[in-house]
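Here is what each chain is made of, one letter per residue.
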Amino acid sequence: MTTTKATTTEATAVTEAMAVTSAGSEVPVARTGAGGGNGQAHAESAAAAAAAEKASATRAWATRLVVVGIVLAALNLRPAITSLGALLEEVRDGLGMSGTLAGLLTSVPPLCFAVFGSLAPRFARRFGPSAVVCAGMAAIATGLLIRPFLGGTVGFLAASGLALMGIAVSNVLMPVIVKRWFPDRVGSMTGLYSMALALGTSLAAAVTVPVTDALGGSWRTGLAVWAALAVVAVVPWIPLARRRGADPAVAGQERAAAGREGAATGREGAATGRKPSAAPREDEGMRITHSRTAWALACFFGLQATAAYITMGWLPQIFRDAGVPAGEAGVLLAVTMAMGVPLAFVIPRVATRLSHQGPVVVALGACGLAGYAGLYFAPAGGAWAWALLCGVSNCAFPLALTMVGMRARSSVGVAKLSAFAQSTGYLISIPGPLLVGVLYQHSGGWGLPIALMACLMVPQIAVGILAGRDRTVEDEVAAKAAAAPAGA
């Protein structure tokens, strides 16, 4: 009995003497002891190594799946809008819309983004970000499939609202997922996501009219075909949503992501991943409305969204009214959107290397003013140049997303800032496309609408400079909270 106890004690000592390598795997320290003790230690070491290898393989697989899911989701966040812009005249005729009602239709996207986007963090806390994005992709697919065939303007708007709801929650949660899984690669992953978003936007603008003609010329079929792309985007998110909290390896991936986030932001002890929920609890009660940077970023987001949705909804019509054929007008919109493919990858990487993003804001705004001037004085003569300049200006969107990731330290802070900036920003952008439709109908031309677009670019540059300052919303909220008792 004494021998058995000694052997057990020695085996325990061998187990406790195991060293942790930098890679996180355990290797036994060389030690002399009874053969049974060494055998048990080696068996435990082998089992631990096998478990670590399996967990590492699962984490690598999950990370690759997240990258694929992000790209496919981004591809589906704008075709519902730009495909409609390419066929807006046909839809207006088919549904009997006036110019004012068509302007209301182009204002529906920011309205849905504001309303449903504000709910995204709540859904994410309850169901998990992956599950919410998966449901969002399914909503996009369903809405795009049924909206052309419901009959009447009300049905068209309702189905569009369903698709836009899916886009809204995915809009808000994409920066959150990027921050959570890739905290040390926010710029490059935001660039990849923005590039895929721009690619989907331009693809829908370029091929909707040719595809519609190839499928028989019905605008209903031309719009419904984009549901297929959304169905594909659902697939990678299904396993990510189903495995949330059920698989220890996936839970380990989330802990590792939390640890990397803590290491990237310099939070003491977070790099170990032992307490990944500490930061969320700390930020849970943060009042984002107490941050001036949050308000500046929300206004910047809203004004750039105003310009983007006016462009996506009305630019083809501006060119068509100037004498440009419908097919070429769609291609020009595609060119405008395609500028975001390379620039959406470059701009976030440049922005993350700058302490102040103001110069980038000014450069993009200057391109927008030049493009609007061209549309005002010679819309058909320099159509390609104006399309390119407007496309460069529209890259304020990936810049805004990048600043969302840079202006908060934790994933919870990014979630709050993303929801606030996007929901408030989209509320700000709602009147723009509608006002353009009203001015177009009552003035009989594009002079006043384009002048409005140019005037809105000035405050966009101003608030963008404020949002680009090197500070975080957590620090601003904490400073205001600390100053409150002194001022009381």
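Residues numbered from 1 in each chain as written. Predicted model: local features only at pLDDT ≥ 70, side-chain atom pairs only at ≥ 80, totals over all residues. Heavy atoms only, no water.

Draft legend 1. Representation of the overall build of the protein chain. On a plain count of helices and strands, the protein chain comes out with 24 helices and two strands. Of all 488 residues assigned to the protein chain, the portion counted as buried reaches 51%. Across the protein chain, every contact between residues at least 6 apart in sequence was considered, and the portion connecting residues at least 24 apart equals 81%. Per element, the accessible surface of the protein chain, about 20000 Å² overall, is 65% carbon and sulfur. (Helix = DSSP H or I, 4+ residues; strand = E, 2+ residues; numbered from the N terminus. Buried < 20%, exposed > 50% of the residue type's maximum accessible area, 1.4 Å probe, protein only. Contact = heavy atoms within 4.5 Å. Areas by Shrake-Rupley, 256 points an atom, 1.4 Å probe, with all protein chains shown as cover.)

Draft legend 2. How the structure looks around the side chain of Ser 429. Along the polypeptide, Ser 429 turns up in helix H21 (residues 411–429). The exposure class of Ser 429 is buried, given its relative accessible area of 1%. Setting aside its immediate chain neighbours within four residues, Ser 429 contacts Pro 110, Gly 302, Ala 305 and Thr 306.

Draft legend 3. Examining the side chain of Glu 476 more closely. Mapping Glu 476 onto the fold places it in helix H24 (residues 473–487). A relative accessible area of 15% means that Glu 476 is categorised as buried. Of the polar contacts made by the side chain of Glu 476, one reaches the side chain of Thr 293; its length is 2.7 Å. In contact with Glu 476, not counting residues within four places along its chain, are His 290, Ser 291, Arg 292, Thr 293, Ala 294 and Arg 471. (Polar contact = N/O pair within 3.5 Å; in protein donor to acceptor, adjacent residues only side chain to side chain.)

Draft legend 4. How the structure looks around the confidence of the model for the protein chain. Averaged over every residue, the pLDDT of the protein chain is 79; residues scoring 70 or more account for 78%. For the stretch residues 1–34, pLDDT sits under 50, and the model shows 32 contacts to residues farther than four places along the chain or on other chains. Note on residues 245–255: pLDDT under 50 across the span, and 14 contacts to partners over four residues away in sequence or across chains. (pLDDT = per-residue confidence, 0-100.)

Draft legend 5. Representation of the environment of Thr 212 in the model. Relative to the elements of secondary structure, Thr 212 occurs in helix H9 (residues 186–214). Separated by 11 residues in the primary sequence, Thr 212 and Leu 223 have C-alpha atoms spaced 8.0 Å apart. Those residues within four positions of Thr 212 in sequence are excluded, and the remaining contacts are Leu 87, Gly 217, Ser 218, Trp 219 and Gly 222. Of note is the side chain of Thr 212, whose polar atom sits 2.6 Å from the backbone oxygen of Thr 208.

Draft legend 6. Broad picture of helix H7 (residues 129–146). The terminal C-alpha atoms of H7, which comprises 18 residues, lie 26 Å apart, in line with the 26 Å expected from a rise of 1.5 Å per residue. Listed in full, the buried residues belonging to H7 are Pro 129, Ser 130, Val 132, Val 133, Cys 134, Gly 136, Met 137, Ala 139, Ile 140, Ala 141, Gly 143 and Leu 144. (Expected span 1.5 Å × (residues − 1).)

Draft legend 7. Inspection of helix H23 (residues 447–467) at higher detail. The first and last C-alpha atoms of H23 sit 31 Å apart over 21 residues, in line with the 30 Å expected at 1.5 Å per residue. Among all positions in H23, only Pro 449, Ile 450, Met 453, Met 457, Gln 460, Ile 461, Val 463, Gly 464 and Ala 467 are buried. For H23, the secondary structure elements touched by its buried residues are helix H15 (292–321), helix H18 (358–377), helix H19 (383–393), helix H20 (396–406) and helix H22 (431–443).

Draft legend 8. Summary view of the pattern of salt bridges. Tallied over the full model, the rule gives three salt bridges. In this structure, the salt-bridge partner of Glu 90 is Arg 320, at a minimum N-O distance of 3.6 Å. Here Arg 320 lies in helix H15 and Glu 90 lies in helix H4 (residues 88–95), a separation of 230 residues in the sequence. We classify Glu 90 as partly exposed; its relative accessible area is 29%. Residue classification places Arg 320 among the buried positions, given a relative accessible area of 18%. (Salt bridge = Lys/Arg side-chain N within 4 Å of Asp/Glu carboxyl O.)

Draft legend 9. Broad picture of the packing of H4 against H15. Packing of H4 against H15 leaves a shortest axis separation of 9 Å and a crossing angle of 95 degrees. Between H4 and H15, the angle is such that the two are roughly perpendicular. Counting all contacts with H4, which are made through Leu 88, Glu 89 and Glu 90, the residues of H15 involved are Gly 313, Trp 314, Gln 317 and Arg 320. (Axes fitted to C-alpha atoms, helices over the stretch in contact; angles between N-to-C directions. Parallel < 35°, antiparallel > 145°, perpendicular 65-115°, else oblique.)

Draft legend 10. Representation of the nonpolar core in the model. By size, the foremost hydrophobic cluster in this structure holds 128 residues, and its most contacted members are Ile 70, Val 91, Tyr 193, Trp 237, Phe 300, Leu 375 and Leu 399. Broken down by element, the residue count for this core peaks at 17 residues, all from H15. If near-sequence neighbours (up to four positions away) are discounted, Val 91 is found in contact with Leu 84, Gly 96, Met 97, Phe 156, Trp 219 and Leu 223. (Core = buried A, V, L, I, M, F, W, Y, C linked by side-chain atoms within 4.5 Å.)

Draft legend 11. A look at the state of the cysteines. In total, this model carries zero disulfides according to the counting rule given. Among the cysteines around Cys 390, which has no disulfide bond, Cys 367 carries the closest sulfur, lying 9.7 Å off. In this structure Cys 390 comes out as buried when scored by relative accessible area, which is 3%. (Disulfide = S-S within 2.5 Å.)

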